[in-house]
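Each chain, written out:
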Amino acid sequence: MTREGSPVHASSVPEDRVEWPRELSPRGVDVWYCTGSHHPALEESSVLNRLTVEQRSQADRLAGTKNRRSFLAARLLLQGVLAGYCECEPSSLEYSTGAFGKPFLSSPCPAVTAGLQFNLSRSAEVVAVAVGYMPLGLDIEKQRPLTRERAFLARQFSPAEQEYVRCSPDPQSSLFEIWCRKEAYLKALGLGIFHPLKKCPVAPGCTLPGLEPLIGQPRLDWDIRSLALPLPDYAAALCSPAPVPSPRVIPLTCAELLEATP
Ligand SMILES: CC(C)(COP(=O)(O)OP(=O)(O)OC[C@H]1O[C@@H](n2cnc3c(N)ncnc32)[C@H](O)[C@@H]1OP(=O)(O)O)[C@@H](O)C(=O)NCCC(=O)NCCS
């Protein structure tokens, strides 16, 4: 959210090979993202063999080559990143899902016992995962012109949000900024867009709707911030239970991801 504080910029670029993470402070959040996630090599058997039977059959059920490859890239990114923090073999990672489908780690390892959590987002050729010792919501969206923008705004945005977009010098980017904030907030709660978006105002300065009773949790003081990824036409937002001082943003290419994963 450029109008409410400093955006976050990419901080470290891997060089020849990927150094998967090992350490993360209790209040820190790392956001890993991978570009070029429609790479054909993602469907090679040597890559598919790195995934679990369940992940492979989930991929098989997805319609569309690009969607399937993006799903596969997301699994490779997740296993590299999470195995690093958990200091375990990627094949030993275990996942469960919440009532509305939010995946979480259930591996019996010290990092998970200490509360390590993640959230994943995919849009067009980018996949991204946020990791920290707290509930997180991440959303990334490729900006594109919306043919029925007015109808979309009326259906999905509160009156204050519609006004925010209308008054913006760059309405399209403001629209995606708000859109990412909504999804990041609902994903942090684990609700996803199961909850009506219009009833979830997230414009800068507004009071969040307090949806925790829907998931049986006490109210938290959520912070939603935009991530200024160095990717033209992409908007992104991160939601956490308290402001994260300076999230580390770590870029990878799909080629690096393919090489890096054991
Ligand atoms: C999750 C959801 C917000 C995805 O939005 P999106 O912008 O299309 O996709 P994103 O790429 O940002 O996020 C997708 C990822 O979020 C995660 N996710 C799935 N459900 C989630 C939830 N309820 N909360 C948080 N994260 C969720 C998954 O890791 C998913 O990755 P995958 O598609 O590779 O499996 C949307 O699909 C949703 O709301 N689903 C749950 C609500 C619902 O209808 N549930 C039906 C059962 S009650």
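Everything below is about the structure shown above.
What you see is a predicted model; the values in this text were computed from it and never measured.

Moving on to helix α6 (residues 159–166). Looking at α6, one finds that the buried residues are E161, Y164 and V165. Down the axis of α6, the buried set is contained in an arc of 95°. They therefore lie on one face. Residues of α6 that are exposed and point over 90 degrees away from its buried face: P159, E163 and R166. For α6, the elements touching its buried residues are α5 (149–156) and α7 (171–189).

Here we come to the sheet that holds strand β7 (residues 223–226). Read from one edge of the open sheet, 3 strands run β6-β8-β7, paired in antiparallel fashion. The open sheet has two edge strands, β6 (137–142) and β7, and neither has a second partner. Sheet twist, expressed as the mean angle between neighbouring strand axes with direction ignored, is 15°. Note: β6 against strand β8 (residues 234–240), 6 bridges, orientation antiparallel. Paired with G137 across the bridge in β8 is C239. Where α7 meets the sheet, it contacts β6, β7 and β8, and its direction lies at approximately 150° from that of β6.

Another point: the site of the ligand. Not every one of the 18 residues close to the ligand is listed here, only the nearest: G101, K102, S121, K187 and G192. Among the elements that line the shell around the ligand, the one with the most residues is strand β4 (residues 117–123), at 4 residues. Taken together, the residues that form the shell around the ligand break down as 8 nonpolar, 5 polar and 5 charged.

Within the open sheet, the 4 strands sit side by side as β4-β5-β1-β9. Their pairing is mixed. At either end of the open sheet lies a strand with only one pairing partner, and these are β4 and β9 (248–253). Direction aside, the axes of adjacent strands within the sheet are offset by 15° on average. Note: β4 against strand β5 (residues 126–132), 7 bridges, orientation antiparallel. Within β5, the residue paired with Q117 across the bridge is G132. Packing against the sheet, helix α3 (residues 65–86) makes contact with β1 (29–35), β4 and β5, and its axis sits at approximately 25° to β5.

Cut-offs applied
- Residues numbered from 1 in each chain as written.
- Predicted model: local features only at pLDDT ≥ 70, side-chain atom pairs only at ≥ 80, totals over all residues.
- Buried ≥ 20, exposed ≤ 12 C-beta atoms within 10 Å, placed from the backbone.
- Helix = DSSP H or I, 4+ residues; strand = E, 2+ residues; numbered from the N terminus.
- Arc of directions from axis to C-beta.
- Contact = placed C-beta atoms within 7 Å.
- Pairing = 2+ DSSP bridges.
- Axes fitted to C-alpha atoms, helices over the stretch in contact; angles between N-to-C directions.
- Near = placed C-beta within 6 Å.
- Nonpolar A, V, L, I, M, F, W, Y, C, P; charged D, E, K, R; others polar.

No statement about biological role is implied by the geometric values presented.
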